[in-house]
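Residue strings, one per chain:
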Amino acid sequence: MGGYLLLAVGLINLRYQTGQSDVLKNSLLIVVPGVLLIAATWIPSISKLLLGKSSQIVIAALGVLLVLYAVIN
């Protein structure tokens with residue numbers, strides 16, 4: 001669900017900051033990790049790595065940081 005959240009927040013960020021400089025770069029910084037996370041769930045070997053508690057904590061922390069970046073930016 002975190003991947004979908006990052007994808008949605010990145011696209012919303014792109015829409016609402018239209019006209020500002022570097023909006024595409026800033027939005028892609030949020031969208032790309034979300035798409036990669038979604039894609040990783042479809043690859044069995046990587047999907048098994050995502051089930052570990054430590055990787056869940058790291059991904060959640062990075063997700064929160066990216067959402068905060070979208071809000072502050």
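Heads up: these notes are all about the structure in this document. (Residues numbered from 1 in each chain as written. Predicted model: local features only at pLDDT ≥ 70, side-chain atom pairs only at ≥ 80, totals over all residues. Heavy atoms only, no water.)

**What about the packing of helix α1 (residues 2-16) against helix α2 (residues 23-40)?**
Argument step 1. The interhelical angle for the contact between α1 and α2, taken along N-to-C directions, is 160°, at an axis separation of 7 Å. One finds that α1 runs roughly antiparallel with respect to α2. Where α1 crosses over α2, the two elements pack in a sense that is left-handed. Touching Gly-2, Gly-3, Tyr-4, Leu-6, Leu-7, Val-9, Gly-10, Leu-11, Asn-13 and Leu-14 of α1 are Val-23, Leu-24, Asn-26, Ser-27, Ile-30, Val-31, Pro-33, Gly-34, Val-35, Leu-37 and Ile-38, all from α2. (Axes fitted to C-alpha atoms, helices over the stretch in contact; angles between N-to-C directions. Helix = DSSP H or I, 4+ residues; strand = E, 2+ residues; numbered from the N terminus. Parallel < 35°, antiparallel > 145°, perpendicular 65-115°, else oblique. Left-handed = near helix turned anticlockwise from the far one by under 90°. Contact = heavy atoms within 4.5 Å.)

**Observations concerning the packing of α2 against helix α4 (residues 53-72)**
Argument step 1. The geometry of α2 relative to α4 is characterised by a closest axis approach of 10 Å and an angle of 155° between their N-to-C directions. As the angle between them shows, α2 and α4 are arranged roughly antiparallel. Considering how the two elements wind past one another, α2 and α4 form a crossing that is left-handed. Counting all contacts with α2, which are made through Asn-26, Leu-29, Ile-30, Pro-33 and Leu-37, the residues of α4 involved are Ile-59, Leu-66, Tyr-69 and Ala-70.
Argument step 2. Of the residues contributing to the contact of α2 with α4, the split by class is 8 nonpolar, 1 polar and no charged. (Nonpolar A, V, L, I, M, F, W, Y, C, P; charged D, E, K, R; others polar.)

**Brief notes about α4**
Argument step 1. The terminal C-alpha atoms of α4, which comprises 20 residues, lie 28 Å apart, in line with the 28 Å expected from a rise of 1.5 Å per residue.
Argument step 2. Every buried residue belonging to α4 is among Ser-55, Gly-63, Leu-66 and Ala-70, and all of these are buried. Along the long axis of α4, the arc covered by the buried residues comes to 65°, so they all point the same way. Residues of α4 that are exposed and point over 90 degrees away from its buried face: Lys-53, Ser-54, Ile-57, Leu-65, Val-71 and Ile-72.
Argument step 3. Turning to α4, the residues buried within the fold contact α1, α2 and α3 (44-50). (Expected span 1.5 Å × (residues − 1). Buried < 20%, exposed > 50% of the residue type's maximum accessible area, 1.4 Å probe, protein only. Arc of directions from axis to C-beta.)

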